[in-house]
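# Structural description and commentary
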Amino acid sequence: MGTLEVARGWVRSSRSLCVLTGAGVSAESGVPTFRGPEGLWKQRDPMSLATPEAFAEDPKEVWEWYQWRRRKIRGCAPNPGHAAIAAVEAAKSDFLLVTQNVDGLHRVAGSRRLAEIHGNIWIVRCATCGAEREEFGDFPELPPRCGACGGILRPGVVWFGERLPADVSDAAMGILSRCEVLVVAGTSAVVAPASGYAAVAKRRGARVIEVNPDETPVSGICDAAFRGKSGEVLPALLG
Ligand code: OAD
């Protein structure tokens with residue numbers, strides 16, 4: 001297992017770098033993760049709410065959960081982990097941040113070369129006509145309605161059972177097929193397809209580095225693992 005100094009050297013000398021993030025990277029900003037006790041809303045498992053079936057059955061309830069998450073995120077600012085990822089991007093000619101996070105905090109921190117593979121919670125899309133826009137405010141009535149056609153608006157995120165948008169999926173597979181180093185931070189690595197990304201990079205010889213206080217299903221294939229908070233480890237690893 002590599003030490004922090006060794007892993008830092010891999011990152012520094014790499015010409016092509018990929019960073020994969022999950023909800024844990026925003027935990028120190030105050031955004032609840034999905035699989036910790038904080039992530040529960042009315043004792044409901046997010047897996048039962050983040051589905052097209054749940055939305056078809058009860059759009060108001062699904063929206064109440066998203067409104068709860070949007071309110072929480074609105075009061076949150078990026079932490080030093082987000083900042084370190086944004087800073088390392090500037091030092092690399094070939095770089096992509098692949099994030100499962102929908103909170104938008106990577107953009108606020110300054111990340112520009114990023115693939116938000118699960119979408120963005122500030123985007124709303126009409127389930128009927130497909131019209132899409134950014135909306136940062138609260139909706140007075142739930143579910144919100146489309147101004148153009150009157151259809152029900154949905155959050156611009158990817159739900160369980162839905163395909164990732166082709167452009168972000170292709171971008172993620174592209175960097176995984178050529179990066180020399182992959183840093184996997186703050187993800188429980190149980191949700192496909194991102195749960196398989198470390199294996200894709202590892203198979204072709206990339207160094208894989210994990211940053212997570214806990215072990216995950218990908219820990220076993222990592223060349224180095226740092227069991228700390230991303231807001232503390234990432235500045236040291238990527239700086
Ligand atoms: P999870 O909530 O499943 O996992 C969060 C991970 O972050 C866990 O492994 C924690 O150990 C770790 N963690 C907690 N605090 C941390 C910290 N300060 N620094 C670093 N790591 C920390 O979140 P994801 O893996 O992102 O999908 O979940 C994947 C997907 O499942 C989400 O994008 C969402 C969810 O359902 C959809 O909604 C489609």
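See the structure above.
To start, this report covers the structure provided alongside it. (Residues numbered from 1 in each chain as written. Predicted model: local features only at pLDDT ≥ 70, side-chain atom pairs only at ≥ 80, totals over all residues. Heavy atoms only, no water.)

## Describing the layout of surface pockets
Heads up, the condition is: Definitions used for this entry: grid spacing 1 Å over protein atoms alone; cavity, a set of points where a 1.4 Å probe fits but cannot get out; pocket, an open set with protein on both sides within 12 Å along at least 5 of 7 lines; lining residue, one with an atom within 4 Å of a point. Grid points are joined across faces, edges and corners, and a volume is the space filled by probe spheres set on the points. For the purposes of this entry, the term helix denotes a DSSP run of H or I that reaches at least four residues, the term strand denotes a run of E that reaches at least two, and both are numbered from the N terminus. Put simply, Ala, Val, Leu, Ile, Met, Phe, Trp, Tyr, Cys and Pro go in the nonpolar bin, Asp, Glu, Lys and Arg in the charged bin, and everything else, Gly too, in the polar bin. Each domain's extent was defined by an automatic or database domain assignment.
Of the voids in this model, the largest pocket is the one considered here, and its volume is about 870 Å³. Considering the residues around the largest pocket, the lining is formed by 44 residues, among which Ala23, Phe34, Arg35, Gly186 and Ser188 are closest to the centre. Elements with a minimum of two residues in the lining of the largest pocket: α2 (46-49) and α4 (59-74). Residue contributions to the lining of the largest pocket peak at three residues, all from α4. Across the lining of the largest pocket, the residue classes tally to 22 nonpolar, 15 polar and seven charged. Each of two domains, domain 1 (4-30 + 77-118 + 164-238) and domain 2 (32-75 + 119-157), supplies a minimum of three residues to the lining of the largest pocket. For the second largest pocket, the calculated volume is near 230 Å³. Lining the second largest pocket are 17 residues, with Glu116, Gly119, Gly156, Pro165 and Val168 positioned closest to its centre. Every element with two or more residues in the lining of the second largest pocket is listed here: β3 (114-116), β4 (119-126), β6 (153-157) and α7 (166-176). For the lining of the second largest pocket, the two domains that each supply at least three residues are domain 1 (4-30 + 77-118 + 164-238) and domain 2 (32-75 + 119-157).

## Some remarks on the sheet that holds strand β2 (residues 94-99)
The cut-off we apply is this: Any two strands between which DSSP finds at least two bridges are classified as paired. Only the contacting stretch of a helix is used when fitting its axis, a line to C-alpha atoms as for every element, and angles between N-to-C directions run 0 to 180 degrees. Contacts: residue pairs with any heavy atoms within 4.5 Å of one another.
Read across the open sheet, the six strands follow the order β3-β2-β1-β7-β8-β9; overall the sheet is parallel. Of all the strands in the sheet, the pair left with one neighbour each is β3 and β9 (224-226). Averaged over neighbouring strand pairs, the angle between their axes works out to 15° when direction is ignored. Alignment of strand β1 (residues 16-21) against strand β7 (residues 181-185), held across five bridges, turns out to be parallel. Its bridge partner lying in β7, Cys18 is registered against Leu182. Contacts from helix α5 (residues 80-90) reach β1 and β2, with the element oriented near 155° to β2. Of the strands in this sheet, β1, β2, β3 and β7 are in contact with α7, which crosses β2 at around 130°.

## Notes on the sheet that holds strand β5 (residues 132-134)
A sheet is described by the order of its strands in space; here three strands give the open sequence β5-β4-β6, paired in antiparallel fashion. In this open sheet, the two edge strands, each paired with only one partner strand, are β5 and β6. The mean angle between the axes of side-by-side strands here comes to 40°, regardless of whether they run parallel or antiparallel. Relative to β5, β4 runs antiparallel, the two sharing three bridges.

## What to know about the nonpolar core
The test is simple: To qualify as a nonpolar core, a set must consist of buried Ala, Val, Leu, Ile, Met, Phe, Trp, Tyr and Cys residues joined through side-chain atoms within 4.5 Å. For each residue, the accessible area found with a 1.4 Å probe, counting protein chains only, is set against the maximum for its type, and the residue is called buried under 20%, exposed over 50%, and partly exposed in between.
With 25 residues, the main nonpolar core has Val98, Ile117, Leu176, Leu182 and Tyr197 as its most contacted residues. Broken down by secondary-structure element, the contributors of at least two residues to this core are β1, β2, α7, β7 and α8 (197-203). Sequence-distant contacts of Tyr197, defined by excluding residues within four places in its chain, comprise Leu20, Val98, Ile117, Leu164, Ala172, Met173, Leu176 and Leu182. Val31, Ala54, Phe55 and Cys146 belong to the second-largest nonpolar core, a separate cluster that totals 24 residues.

## Section: the state of the cysteines
Quick note on the threshold: Two cysteine sulfurs form a disulfide in these notes if their separation is within 2.5 Å.
Within this structure, the stated rule accounts for zero disulfides. Lacking any disulfide linkage, Cys126 is separated from the closest cysteine sulfur, that of Cys149, by 3.5 Å.

Scope: geometric values only; no functional claims are made or implied.
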